Amino acid sequence: MTDAVQTPRVANAAFTTRVFSGIQPSGGLTLGNYLGALRRFVDKQEEGIETVYCLVDMHAITVWQDPKELAANTREVAAAYIAAGIDPERHIVFNQSKVAAHAELAWILNCVARIGWLNRMTQFKDKAGKDREKASVGLYAYPVLMAADILVYRATHVPVGEDQKQHLELARDTAQKFNNDFAAPDFFPQPEPLIMGPATRVMSLRDGTKKMSKSDPSDLSRITMRDSSDDIAKKIRKAQTDPEPLPETVDGLEGRAGADNLVGIYAALSGKSKAEVLTEFAGAQFSVFKPALADLAVEKLSPITNEMKRLMDDKAYIDGVLEKGAERARAIADPVVARVRELVGFI
Ligand code: AMP
Ligand code: TRP
């Protein structure tokens, strides 16, 4: 999805390019998810590389999920992908738990990966918090399941956020150790992270120094793909800024995190650079800029959120997409697991 796709590393020369992406169906996708991930996936679709989009519900349950909400969130995230423009005919869209090969390979890889590797994972430390004894075993083994997700498709490229780089390293180490242990030098590729280009960190509307996130306690900190036009306008109106008018150049945004974030969001939504946005709004007060940004956000997001709602009313359609996606996924994954079973010595 970047240059890396066209020029895979020599280590992967023997492998067909395959892109795999996983997202947790934890609901309430934010503007950050949309601008940082979803929209880029749609842009990249034109490059014609088939991508496997997996809603990782088995990862989601590593922390408690209400069963009804998990089911609804899985359908909602599937609807968001399709509404944003991912074509489920061209790509494979499915939920992880439907394809048993993920769990089967994960167990085998649990016996390949080392405890010492997992002990270094910073996400586990963050998510488990102080009372590590009470974290689920699944939360600890999470990175190995993630390695299995990727390797079961022998995927070569994995678009992820910066925070997932360490997990990708573990997937690479696990692939290599498996290949060595079972004397199958080219069996698994070394999956490459694709870190999505610059200006992809959308910041909190309440604190321009923090990432916009699903888990921030303040609902005013984020715009979500569930928000109505009124919600979007209200959140932008209340967004943290400063009393100065907008500067003429990007340099003038330095030290003004809130202003910088709003200009960045405007730029991303309008497909312009920040410099172009500032040329248009130089000297404008936020009382002028915020309503313009709210109109733009509503104009760009509401067709997607409306389509999402329409799709979610058509549960049979969403479930059909996921079922068909799972069938296509199994067609790739099952033969890989069959070979793994032979290599390991299962009869
Ligand atoms: P998460 O919501 O953490 O599961 O992330 C799903 C994807 O959305 C990741 O690949 C991130 O790169 C992207 N993402 C999440 N939050 C943001 C944000 N505030 N700005 C840009 N991209 C984001
Ligand atoms: N851990 C990833 C995240 O939180 C989600 C994920 C699970 C994933 N399996 C994956 C991402 C495989 C890429 C490839 O964002």
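In what follows, the structure referred to is the one given above.
Being a predicted model, the structure only gives us computed values, none of them experimental.

What counts as what
- Residues numbered from 1 in each chain as written.
- Chains lettered and ligands numbered in written order.
- Predicted model: local features only at pLDDT ≥ 70, side-chain atom pairs only at ≥ 80, totals over all residues.
- Heavy atoms only, no water.
- Helix = DSSP H or I, 4+ residues; strand = E, 2+ residues; numbered from the N terminus.
- Rg over C-alpha atoms; globule rule 2.2 N^0.38 Å.
- Buried < 20%, exposed > 50% of the residue type's maximum accessible area, 1.4 Å probe, protein only.
- Contact = heavy atoms within 4.5 Å.
- Areas by Shrake-Rupley, 256 points an atom, 1.4 Å probe, with all protein chains shown as cover.
- Phe/Tyr/Trp six-rings, centres within 6.5 Å; stacked < 30°, edge-to-face > 60°.
- Lys NZ or Arg CZ within 6 Å of the ring centre and 35° of its normal.
- Near = heavy atom within 4 Å.
- Polar contact = N/O pair within 3.5 Å; in protein donor to acceptor, adjacent residues only side chain to side chain.
- Nonpolar A, V, L, I, M, F, W, Y, C, P; charged D, E, K, R; others polar.
- Axes fitted to C-alpha atoms, helices over the stretch in contact; angles between N-to-C directions.
- Parallel < 35°, antiparallel > 145°, perpendicular 65-115°, else oblique.
- Left-handed = near helix turned anticlockwise from the far one by under 90°.
- Core = buried A, V, L, I, M, F, W, Y, C linked by side-chain atoms within 4.5 Å.
- Salt bridge = Lys/Arg side-chain N within 4 Å of Asp/Glu carboxyl O.

Draft legend 1. The overall build of the chain, seen in detail. Of regular secondary structure, the chain possesses 14 helices and 5 strands. For the chain, the C-alpha radius of gyration of 21 Å lies close to 20 Å, the compact-globule estimate for 347 residues. Dimensions of the chain along its principal axes, counting C-alpha atoms only, are 70 × 45 × 45 Å. Within the chain, buried positions represent 49% of all 347 residues. Contacts spanning at least 24 positions in sequence make up 77% of the contacts within the chain whose residues lie at least 6 apart. Taken as a whole, the chain presents about 16500 Å² of accessible surface, with 52% of it coming from carbon and sulfur.

Draft legend 2. Broad picture of the packing of aromatic side chains. By the definition in use, this model includes 14 aromatic pairs. For the ring pair Phe 41 and Tyr 53, a centre distance of 5.3 Å and an interplane angle of 45° mean the geometry is tilted. In this pair, Phe 41 sits in helix H2 (residues 31-45) while Tyr 53 sits in strand S2 (residues 51-55), placing the two residues 12 residues apart along the sequence. Like Tyr 53, Phe 41 is buried. Summarising the aromatic geometry, the rings of Phe 286 and Phe 289 are spaced 6.4 Å apart at their centres and angled 75° between planes, so their arrangement reads as edge-to-face. Taken together, the residues span about one helical turn, with Phe 286 and Phe 289 both in helix H13 (residues 286-313) at a distance of 3 residues. This pair shows no difference in class: Phe 286 is buried, exactly as Phe 289 is. An aromatic cluster is defined as three or more aromatic residues linked by ring pairs; in this entry it consists of Phe 178, Phe 182, Phe 187 and Phe 188. Above the face of the Phe 187 ring, Arg 154 is positioned so that its terminal group lies 4.8 Å from the ring centre.

Draft legend 3. Structural detail: the site of ligand 2. Close to ligand 2 lie Phe 20, Gly 22, Gln 24, Val 56, His 59, Tyr 142, Met 146, Asp 149, Ile 150, Val 158, Val 160 and Gln 164, which account for all nearby residues. In the environment of ligand 2, a nitrogen atom lies 2.7 Å from a nitrogen or oxygen atom belonging to the side chain of Tyr 142. Contact between ligand 2 and Asp 149: a nitrogen atom at 2.7 Å from a side-chain N or O atom of the residue. Isolated, ligand 2 exposes 360 Å² of accessible area, and the fraction of that covered by the protein chains is 89%. Of the residues forming the shell around ligand 2, the biggest block, 4 residues, is contributed by helix H8 (residues 137-151). Along the lines of polarity and charge, the residues of the shell around ligand 2 split into 7 nonpolar, 4 polar and 1 charged.

Draft legend 4. Just unusual backbone geometry, in detail. For Arg 154, which is not glycine, the phi dihedral falls at a positive 45°. Relative to the elements of secondary structure, Arg 154 occurs in the loop between H8 and strand S4 (157-160). Look at Arg 154 and you get partly exposed, because its relative accessible area is 29%. Although it is not a glycine, Ala 183 sits at a positive phi angle of roughly 50°. Assignment of secondary structure puts Ala 183 in the loop between helix H9 (165-181) and strand S5 (192-195). Given a relative accessible area of 66%, Ala 183 falls into the exposed group.

Draft legend 5. Fine view of the side chain of His 91. Residue position: His 91 is located in the loop between helix H4 (67-84) and strand S3 (92-95). The exposure class assigned to His 91 is buried, which follows from its relative accessible area of 3%. Setting aside residues no more than four positions away along its own chain, His 91 makes contact with Gln 45, Ile 49, Glu 50, Thr 51, Tyr 53, Ile 86 and Arg 328.

Draft legend 6. Spotlight on the packing of H2 against helix H11 (residues 257-270). Two elements in contact, H2 and H11, have axes separated by 12 Å at closest approach and are oriented at 40°. Regarding the angle of H2 to H11, the classification is oblique. At the point where H2 passes H11, the crossing takes the left-handed sense. Across from Leu 31, Leu 35 and Arg 39 in H2, the residues of H11 making contact are Ile 265, Ala 268 and Leu 269. For the contact of H2 with H11, a count of residues per class yields 5 nonpolar, no polar and 1 charged.

Draft legend 7. View of the nonpolar core. Ranked by size, the top nonpolar core spans 56 residues in total, and within it Leu 31, Tyr 34 and Phe 289 carry the most contacts. Every element with two or more residues in this core is listed here: H2, S2, H4, helix H10 (229-237), H11, helix H12 (274-281), H13 and helix H14 (315-344). In terms of residue count, H13 provides more of this core than any other element does, 11 residues in total. In this structure Phe 289 touches Leu 246, Leu 262, Val 263, Tyr 266, Val 277 and Phe 281, once residues within four positions along its chain are discounted. Judged by nonpolar contacts, the second largest core, of 49 residues, contains Val 112, Tyr 153, Phe 188 and Val 340.

Draft legend 8. A look at the pattern of salt bridges. Across all of its chains, the model carries 17 salt bridges by this definition. Across the pair Glu 342 and Arg 339 runs a salt bridge whose closest N-O atoms are separated by 2.7 Å. Placement of the pair is Glu 342 and Arg 339 together in helix H14, with a separation of 3 residues, close to one helical turn. The class for Arg 339 is partly exposed, based on a relative accessible area of 39%. Here the salt bridges do not stand alone but share partners, grouping Asp 219, Arg 222, Asp 227 and Lys 235 into one network.

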